[in-house]
Amino acid sequence: MKYVSTRGSAPALDFAEVTLAGLASDGGLYVPESWPQLGMDEIRDMRGLPYAELAARVMAPFVGDSLTPDRLRELTGEAYSRFAHTAVTPLVQLDERQWLLELFHGPTLAFKDVALQLLGLLFEEFLAREDSRLTIVGATSGDTGSAAIDAVAGRDNVEIFMLHPKGRVSDVQRRQMTTVRAPNVHNIAIEGSFDDAQAMVKRIFADESVTARHRIGAVNSINWARLMAQVVYYFAASLQLGGPDRKLAFSVPTGNFGDVFAGHVAARMGLPIERLIVATNVNDILHRALSNGDYSAGNVTPTGAPSMDIQVSSNFERLLFDVGGRDGVALGDQMRGFEGSRAMMLSNAQREGAAGLFASARVDEDETAASIRYAYENWGEIIDPHTAIGLHAARHADLAPQVPVVTLATAHPAKFRDAVERATGIRPPLPNRVGDLFAREEAYTELSGTYEAVRDHILEHAA
Ligand SMILES: Cc1ncc(COP(=O)(O)O)c(C=O)c1O
Ligand SMILES: N[C@@H](CCOP(=O)(O)O)C(=O)O
């Protein structure tokens, strides 16, 4: 399997290379040069497999020759051994139609663990082969940071610099990052938004003063391996609810468009999916883009679902590439135009290509709180604000009544205790697996929002 850049001019790479590269050298994102196809019988045969085994089966075509099937199975077995639920991503039925796919049973309580527990192992595996080191630079609106740090803390051949927007993540999220004491972990709080942090990360990849001295790697969903691992739970949910012989819809709380793009990949591989509902908060660039083609980024508005306080959604570029004719050169021009003006209109081909599978909804702060309350009062379920946005969109989706709708429950409610308590009066306790989070000392560096300050800090502290 080879991977090509969405901007058409970076070299094609294999899976091991793409995992270590993160971002393509032309500023684009890597995607498989074609989608592996699974037949209906092949998908049916996967029913009943343990999650780690299912993961190895679904991912095998993407991994290609980079790992033997046995080694891939060993790594998925190890990656999912730390989850607190034997199903890894269990389904919970809410009523005859609505379901939750709980993705927060990993060590740091959000869906990011599903991919990052594996990515940490993949880094170790591929770096060992080259006797090489990786300097990871990442941006987080709260959840990727802790999941990535958990996955790489203490490993010899990687170090991680994680940027979060100061004051814009929950106290639990911040502490899950800043209380990890390992010599290879560096937390940085910047003035600004997640978009600012993500733009700096992309600039680091293109900055020769850094890349000449350090091999830079990515843990954000710009890294293809992140998305690949997220494809698996679409199969897991579908197989439990009658797939591939019954179509499901998925409602996905969306920020950087990684999670829902993984659903698009599952559909491209042959999994029958009725609809992917892109649920945004008031930072609604994706809802505008999908409903009227207007992809223009305003300033980020802080909300009670801070992990989705994102305007520039990296993985949307992957969708535009895939549904808009896979013309990397043209898309490169379009994306560079967007980077200059922060605005663009989708082409007709891009809009029509997306319309086949995607729908979208914008959910405001009052609706989010009402959705948390609704889940509690009607089903006794305590859900976090991100999940609540997905559930609101699921309940109001325009779908045939017989189609089951699975909302991706992306974070544990305890990560956003204040918002949940405001909506329900109940303060969800932190699960034991996060330990004495509030007794541990925090350590992080605060930097101004300038690129130079961040770059110089990395150059000064990278081993
Ligand atoms: C809890 C939670 N829900 C939803 C999202 C949105 O996921 P994505 O960025 O893959 O669209 C994020 C992070 O982005 C998140 O942390
Ligand atoms: N919500 C994310 C934002 C980064 O998204 P990623 O999936 O590209 O890593 C976070 O919590 O950090």
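Further up the page is the structure itself.
I will try to describe carefully the structure that is included in this document.

Analysis parameters
Residue indices begin from 1 for each chain and proceed along its sequence in written order. To label them, take the chains in the order written and letter them from A, then take the ligands in the order written and number them from 1. Only residues with pLDDT of 70 or above have their local features reported here, since the model is predicted, and side-chain atom pairs are shown and tallied only from 80 upward, although totals for entire chains, interfaces and linings are computed over all residues. As a rule here, side-chain values cover all heavy atoms of the structure and leave hydrogens and water aside. Between any two strands, at least two bridges found by DSSP are needed for them to pair. Secondary structure follows DSSP: runs of H or I at least 4 residues long count as helices, runs of E at least 2 residues long count as strands, and numbering of each begins at the N terminus. Contact definition: two residues touch when any of their heavy atoms are within 4.5 Å. Geometry is summarised by axes, namely lines fitted to C-alpha atoms with helices restricted to the contacting stretch, and by angles between N-to-C directions that run from 0 to 180 degrees. We call Phe, Tyr and Trp rings a pair once their centres come within 6.5 Å, taking the six-membered ring for Trp, and we label the pair stacked below 30 degrees between planes, edge-to-face above 60, and tilted otherwise. When a residue's accessible area, from a 1.4 Å probe over protein chains only, is under 20% of the maximum for its type it is buried; when over 50% it is exposed; and in between it is partly exposed. Criterion for a charge above a ring: Lys NZ or Arg CZ within 6 Å of the ring centre, and within 35 degrees of the ring normal.

Turning our attention to the sheet that holds strand S7 (residues 185-190). Spatial ordering of the open sheet is given by S8-S5-S6-S7-S15, a layout of five strands whose pairing is parallel. Two strands bound the open sheet, and with one partner strand each, they are strand S8 (216-217) and strand S15 (445-447). As paired strands, strand S5 (residues 134-139) and S8 are joined by two bridges and run parallel to one another. Following the sheet pairing, Ile 136 is matched in S8 by Gly 217. Most of the contacts of helix H7 (residues 171-178) go to strand S6 (residues 158-165), to which it runs at about 155°, and overall it touches S6 and S7.

With that settled, the discussion passes to the packing of aromatic side chains. Two descriptors summarise a pair of aromatic rings, namely the distance from one centre to the other and the angle between the planes of the rings. Within this structure, the stated rule accounts for 15 aromatic pairs. Look at Phe 15 and Phe 126: their rings are 5.9 Å apart centre to centre, the planes differ by 80°, and that puts the pair in the edge-to-face class. On the criterion of sequence distance, the pair formed by Phe 15 in helix H1 (residues 15-21) and Phe 126 in helix H5 (residues 112-130) is long-range, its members being 111 residues apart. Neither Phe 15 nor Phe 126 differs from the other in exposure class; each is buried. Joined through ring pairs, the aromatic side chains of Tyr 3, Phe 15, Trp 35, Phe 62, Phe 126, Trp 224 and Phe 261 make up one cluster. When the ring centre of Tyr 451 is taken as origin, the NZ or CZ atom of Arg 203, which lies over that ring, is 4.0 Å away. Stacked on the ring of Tyr 374, the Lys or Arg Arg 395 has its end atom at 3.4 Å from the ring centre.

Strand pairing in a sheet is mediated by backbone hydrogen bonds. Such pairs are either parallel or antiparallel. With respect to topology, six strands assemble into an open sheet ordered S3-S4-S14-S9-S10-S13, the strand pairing being mixed. The open sheet is flanked by strand S3 (91-93) and strand S13 (358-362), the only strands paired with a single partner. Going from strand to strand, the sheet's axes swing by 25° on average, the running direction of each strand aside. Relative to S13, strand S10 (residues 273-280) runs parallel, the two being bridged by five bridges. Looking at S13, one finds that Ala 279 is bridged to Ala 361. Together, S3, strand S4 (98-102), strand S9 (248-253), S10 and strand S14 (405-409) form the strand contacts of helix H10 (residues 224-240), whose direction differs from that of S9 by roughly 140°.

Remember, this is a structural readout, not a statement about activity or role.
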